[in-house]
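Each chain, letter by letter, is given below.
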Amino acid sequence: MEYFVIKWLHILSSTLMFGTGIGSAWYLLFASISRDTRAAAVVCRNVVRADWLFTATTMIVQPATGYYLAHLAGYPLRSHWIVWSLWLYLIAGACWLPVVWLQMRLRDVAAAADAAGQPLPPLYWRYFRWWVALGIPAFFAFVAVFYLMVAKPA
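The rules we used
Residues numbered from 1 in each chain as written. Predicted model: local features only at pLDDT ≥ 70, side-chain atom pairs only at ≥ 80, totals over all residues. Heavy atoms only, no water. Salt bridge = Lys/Arg side-chain N within 4 Å of Asp/Glu carboxyl O. Helix = DSSP H or I, 4+ residues; strand = E, 2+ residues; numbered from the N terminus. Buried < 20%, exposed > 50% of the residue type's maximum accessible area, 1.4 Å probe, protein only. Axes fitted to C-alpha atoms, helices over the stretch in contact; angles between N-to-C directions. Parallel < 35°, antiparallel > 145°, perpendicular 65-115°, else oblique. Left-handed = near helix turned anticlockwise from the far one by under 90°. Contact = heavy atoms within 4.5 Å. Disulfide = S-S within 2.5 Å. Core = buried A, V, L, I, M, F, W, Y, C linked by side-chain atoms within 4.5 Å. Nonpolar A, V, L, I, M, F, W, Y, C, P; charged D, E, K, R; others polar.

**Looking at the pattern of salt bridges**
And step 1. Applying the stated criterion to the full structure yields 3 salt bridges.
And step 2. Measuring nitrogen to oxygen at the nearest pair gives 3.3 Å for the salt bridge that ties Asp108 to Arg105. Separated by 3 residues within a single helix, Asp108 and Arg105 lie in helix H3 (residues 80–116), roughly one turn from each other.
And step 3. Residue Asp108 is classed as partly exposed on the basis of its relative accessible area, which comes to 34%.
And step 4. Accessibility expressed as a relative area gives 22% for Arg105, which makes it partly exposed.
And step 5. The partner of Arg107 in a salt bridge is Asp108, and the shortest N-O contact between them spans 2.9 Å.

Structure follows, in structure tokens:
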């Protein structure tokens, strides 16, 4: 029973992490390309909140439950699929940390532009390009981790 509870927590937290990431990226992308300053300000503010509430907590829960699941199932931590999963997870995390900083900057720049009744400035778009550039490898790293967790290839 313990294994299934931990597995459920692991799957639930991965769903929250990936779902929050995809949903946040979708809304931030389309709010930004709409060039509606007010929409961008509101969406950026909520994306930052969602990242701290859901993504940050699940980024901690994932490795903890994953390690414990491997222990309970008797999987060696040196299994190729576990090692690759950890590396890909670290790559995604290394992308996510600057993305959080960028999202906070996007939020602040959009809020200032909205308060001034101005369009989104070039600084917003510079941060946005970096946000996209870091989000793409993080997305594919997580997709690969999902594959490895399900397939567990030798």
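So that's the structure; there's more coming.
**Notes on the packing of helix H1 (residues 2–33) against helix H4 (residues 122–151)**
When two helices pack together, their arrangement is captured by the angle between the axes and the distance separating the axes.
And step 1. Where H1 meets H4, the axes come as close as 11 Å, and the angle between the chain directions of the two elements is 150 degrees. If you check the angle between H1 and H4, you find them roughly antiparallel. Relative to H4, H1 is oriented so that their crossing is left-handed. Contacts between H1 and H4 pair His10, Ser14, Met17, Phe18, Ile22, Ala25, Leu28, Leu29, Ser32 and Ile33 from the former with Tyr124, Trp125, Phe128, Trp131, Phe139, Phe142, Val143, Phe146 and Met149 from the latter.

**Observations regarding the state of the cysteines**
And step 1. Counted under the stated rule, the structure contains 0 disulfides.
And step 2. In this structure Cys44 is not part of a disulfide, and its nearest cysteine sulfur, from Cys95, lies 19 Å away.
And step 3. A relative accessible area of 1% means that Cys44 is categorised as buried.

**Considering the nonpolar core**
And step 1. Grouped together as the largest cluster of nonpolar side chains are 38 residues, with contacts concentrated most on Leu28, Leu106, Tyr124 and Trp131.
And step 2. Residue assignment for this core shows that the elements contributing at least two residues are H1, helix H2 (37–73), H3 and H4.
And step 3. Of all the elements, H3 adds the most residues to this core, at 14 residues.
And step 4. Ignoring sequence-local partners within four residues, the contact set of Leu28 consists of Val43, Cys44, Val47, Gln103, Leu106, Tyr124, Phe128 and Trp131.

**Structural notes on the packing of H1 against H2**
And step 1. One way to put it is that H1 packs onto H2 with a least axis distance of 7 Å and a crossing angle of 155 degrees. Between H1 and H2, the angle falls in the class roughly antiparallel. Classified by chirality, the crossing of H2 by H1 is left-handed.
And step 2. For the contact of H1 with H2, a count of residues per class yields 21 nonpolar, 10 polar and 2 charged.

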